[in-house]
Amino acid sequence: MKYVDGFLLPVPKKKLQAYRRMAQKAGKVWREHGALDYMECIGDDLNNKWGVKFPKVAKLKPGETVVFSYIVYKSRAHRDRVNAKVMKDKRIADSMNQAMPFDMKRMAYGGFKTLVEA
């Protein structure tokens with residue numbers, strides 16, 4: 001059963017290009033180490049009339065937008081192996097010592113078992 005790491009984070013609009021560059025590098029590293037899919041999505045149609053809106057969940061401040069991201073793996077065990085390799089990868093380790101283009105304290109993250117795959 002596939003496993004998915006999901007992320008929801010607020011990103012300042014003025015830092016979107018820096019975030020894109022960071023995400024492109026990260027996506028390449030995750031895929032090289034075995035992730036099946038890596039996706040970074042920026043909020044577009046967020047003013048729905050039902051449910052809790054993503055901007056509220058992400059506690060957006062003025063000038064920010066929402067990024068929803070996910071990484072797909074073969075299984076949770078596969079995720080653990082891939083992430084262990086990624087965290088040892090110099091490209092990721094080096095980037096962890098740099099200022100991030102978003103507030104990591106406000107990032108939501110979780111691992112998910114696949115319920116339905118169509």
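Whatever comes next refers back to the structure up there.
Quantities reported herein were computed from a predicted structural model and do not represent experimental measurements.

Right, let's get into the pairing of strand S1 (residues 3-12). With nine of ten residues buried, S1 lies mostly within the body of the structure. With ten bridges joining them, S1 and strand S3 (residues 64-73) adopt antiparallel strand pairing. In the sheet register, Phe7 faces S3, and the bridge partner there is Ser69. In this sheet, strand S4 (residues 108-113) lies alongside S1 in antiparallel orientation, the contact comprising six bridges. Bridge pairing links Asp5 to Gly111 in S4.

The next subject is the packing of aromatic side chains. Each aromatic ring pair is characterised by the separation of its centres together with the angle its planes make. Per the counting criterion, the structure on display carries five aromatic pairs. Both rings, one in Phe54 and one in Phe68, keep their centres 6.4 Å apart while their planes meet at 50 degrees; by these two values the pair is tilted. Residue Phe54 is found in helix H2 (residues 54-57), and its partner Phe68 is found in strand S3; the two are separated by 14 residues along the sequence. You can call Phe54 partly exposed: its relative accessible area is 40%.

As for its placement among the helices and strands, Glu64 is situated in strand S3. Polar side-chain contacts of Glu64 include one of 2.7 Å to the backbone nitrogen of Lys61. Polar contacts involving the side chain of Glu64 include one to the side chain of Arg106, which spans 2.8 Å. Residues within four places of Glu64 in sequence aside, it is in contact with Pro10, Val11, Pro12, Lys13, Lys59 and Arg106.

Parameters and conventions
- Residues numbered from 1 in each chain as written.
- Predicted model: local features only at pLDDT ≥ 70, side-chain atom pairs only at ≥ 80, totals over all residues.
- Heavy atoms only, no water.
- Buried < 20%, exposed > 50% of the residue type's maximum accessible area, 1.4 Å probe, protein only.
- Helix = DSSP H or I, 4+ residues; strand = E, 2+ residues; numbered from the N terminus.
- Pairing = 2+ DSSP bridges.
- Phe/Tyr/Trp six-rings, centres within 6.5 Å; stacked < 30°, edge-to-face > 60°.
- Polar contact = N/O pair within 3.5 Å; in protein donor to acceptor, adjacent residues only side chain to side chain.
- Contact = heavy atoms within 4.5 Å.

As far as function goes, none of this settles anything; it's purely spatial.
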